[in-house]
Amino acid sequence: MVEMRILFLGTSAAVPTATRGLSSAVIIRGGELLIFDTGEGMQQNFIRSGLGINKKLKIFITHMHADHCLGALGLLQTLSLLGRETPVEIFGPPRFAEFMKTNVNILSFGLIFEVRISSIRSEGVVVKERDYSVSCCEAHHIFPTYAFCLSEHERAGIFDIDETKRLGIPEGSLYKKLQSGEDITYDGKRILSTWVTGPKRPGRKVGFSSDTRPTDRLRKFFQNCDLLVFDSTYSHEQWQKAKDRLHSTATEAAILAQAAGVKKLLLTHFSARYADTAQLVKEAKAFHNNVEAAQDMRFVEIPYPDI
Ligand SMILES: [Zn+2]
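Residues numbered from 1 in each chain as written. Predicted model: local features only at pLDDT ≥ 70, side-chain atom pairs only at ≥ 80, totals over all residues.

So, about the sheet that holds strand 1 (residues 4-10). Strand order across the open sheet formed by 7 strands is 6-5-4-3-2-1-16, with mixed pairing between neighbours. On the outer flanks of this sheet lie strand 6 (115-119) and strand 16 (299-301), each paired with one strand and no other. Averaged over all pairs of adjacent strands, the angle between their axes in this sheet comes to 20°, without regard to strand direction. Inspection of the sheet shows strand 1 paired to strand 16 by 3 bridges, in the antiparallel sense. The residue bridging isoleucine 6 from the neighbouring strand is valine 300, located in strand 16. Sitting on the sheet, helix 1 (residues 42-49) is in contact with strand 1 and strand 2 (24-29), with an inclination near 140° to strand 1. (Pairing = 2+ DSSP bridges. Helix = DSSP H or I, 4+ residues; strand = E, 2+ residues; numbered from the N terminus. Axes fitted to C-alpha atoms, helices over the stretch in contact; angles between N-to-C directions. Contact = placed C-beta atoms within 7 Å.)

Right, here's the structure in full:
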């Protein structure tokens, strides 16, 4: 079992407010951090969160608008000054690599760790790890803008200790092998993992929409997410503005989440006009029964679907 939760480092659209920073969220999964967008100033909340400076770190940049990417420079500089030693992997649109290269030159950055930047040129799997992957899908905002999904692989089924004991297998490494789905040979007999483990259990799926209009493509991409973080820049009263500026309303976020079978919806990227987001949550709840507004420095747990 791996603990997973999300912390919002910034939830405001375009301009920061007294209580909200610019777009950024971090998934804490086991000992690893996955940051989605780095709005300017997000490093302050990152430091405040005490998440640590040397953890395995991946950064995903959705698009090249200043309120989503400028903060990467400050964050990397600070991590370097604080003595980070481990590499950082960054995934973003091709112009992000150019942006970093130019700024690192102009600002004479002396980073003491390796920064590996991968340019995303098409939809598909961006990261493949042993027990999860991150994939991207085109959003409908400026070109290119990517939405992301973190999908865990299936987990091993529940281990039947009593049955394993009954088969006479000694505790220890053989238990571990059977539990992880490996068949073993003990005392000349073949023991199949399926005899002592239940059916495989689903992993978790977490989606980030970035800035976007709602689209069918995104609805399919976010199908059955356990948690979806979606652009809710405006209340539905401002629908025309959302349409013109290629954003979504809280109502549209909820309609898409409901149609996609999403279990929990977190609204974010609020226009500075909403000091209080209660109105946005209220309108979204008319279409989805599990909705909350993201808040800076607030953790949200992401439990397994079967627990
Ligand atoms: Zn934005």
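Structure's up, so let's keep going.
Assigned domains of the protein: these are domain 1 (4-155 + 204-301) and domain 2 (161-196). The centre of domain 1, based on its C-alpha atoms, is set 43 Å off from the matching centre of domain 2. (Domains from an automatic or database assignment.)

What follows covers helix 10 (residues 250-259). Of all the 10 residues making up helix 10, 7 are buried; the element is thus mostly covered by neighbouring parts of the structure. For helix 10, the set of buried residues is Ala250, Thr251, Glu252, Ala253, Ala254, Leu256 and Ala257. In the stretch just after helix 10, glycine 261 is the one whose phi turns positive, near 70°. (Buried ≥ 20, exposed ≤ 12 C-beta atoms within 10 Å, placed from the backbone.)

Quick look at the packing of helix 1 against helix 3 (residues 71-81) now. What describes two packed helices is the angle between their axes and the distance between those same axes. At their nearest, the axes of helix 1 and helix 3 sit 8 Å apart, and the two run at 40° to each other. It follows from the interaxial angle that helix 1 and helix 3 lie oblique. When helix 1 is examined against helix 3, the residues Met42, Gln43 and Phe46 are found in contact with a partner set consisting of Gly71, Gly74, Leu75 and Thr78. A per-class count over the contact of helix 1 with helix 3 returns 3 nonpolar, 4 polar and no charged. (Parallel < 35°, antiparallel > 145°, perpendicular 65-115°, else oblique. Nonpolar A, V, L, I, M, F, W, Y, C, P; charged D, E, K, R; others polar.)

Tracing the backbone through its elements, the reader meets threonine 145 in the loop between strand 8 (132-138) and strand 9 (146-152). With 29 residues separating them in the primary sequence, threonine 145 and leucine 174 have C-alpha atoms 47 Å apart. Leaving out residues up to four positions away in the same chain, threonine 145 has contacts with Thr62, His63, Ala139, Ser210, Asp211 and Thr212.

This part is about the confidence of the model for the protein. Predicted confidence across the protein gives a mean pLDDT of 93, with 100% of residues reaching 70 or more. Put simply, helix 6 (residues 173-179) is where the protein has its lowest mean pLDDT, 88, and strand 12 (residues 205-208) is where it has its highest, 98. (pLDDT = per-residue confidence, 0-100.)

Listed in full, the buried residues belonging to helix 1 are Met42, Gln43, Asn45 and Phe46. Axial view of helix 1: buried residues confined to an arc of 160°, hence all on one face. Looking at the buried positions of helix 1, the neighbouring elements they touch are strand 1, strand 2 and helix 3. Glycine 50 sits one or two residues past helix 1 and shows a positive phi near 65°. (Arc of directions from axis to C-beta.)

Here we come to unusual backbone geometry. For aspartate 187, which is not glycine, the phi dihedral falls at a positive 55°. Position of aspartate 187 relative to the elements: it lies in the loop between strand 10 (184-186) and strand 11 (189-191). Taking the number of C-beta atoms within 10 Å as the measure of exposure, aspartate 187 has 9 and is therefore exposed. A positive phi angle is found at methionine 297, which is not glycine, with a value near 65°. With respect to the secondary-structure elements, methionine 297 resides in the loop between strand 15 (291-293) and strand 16.

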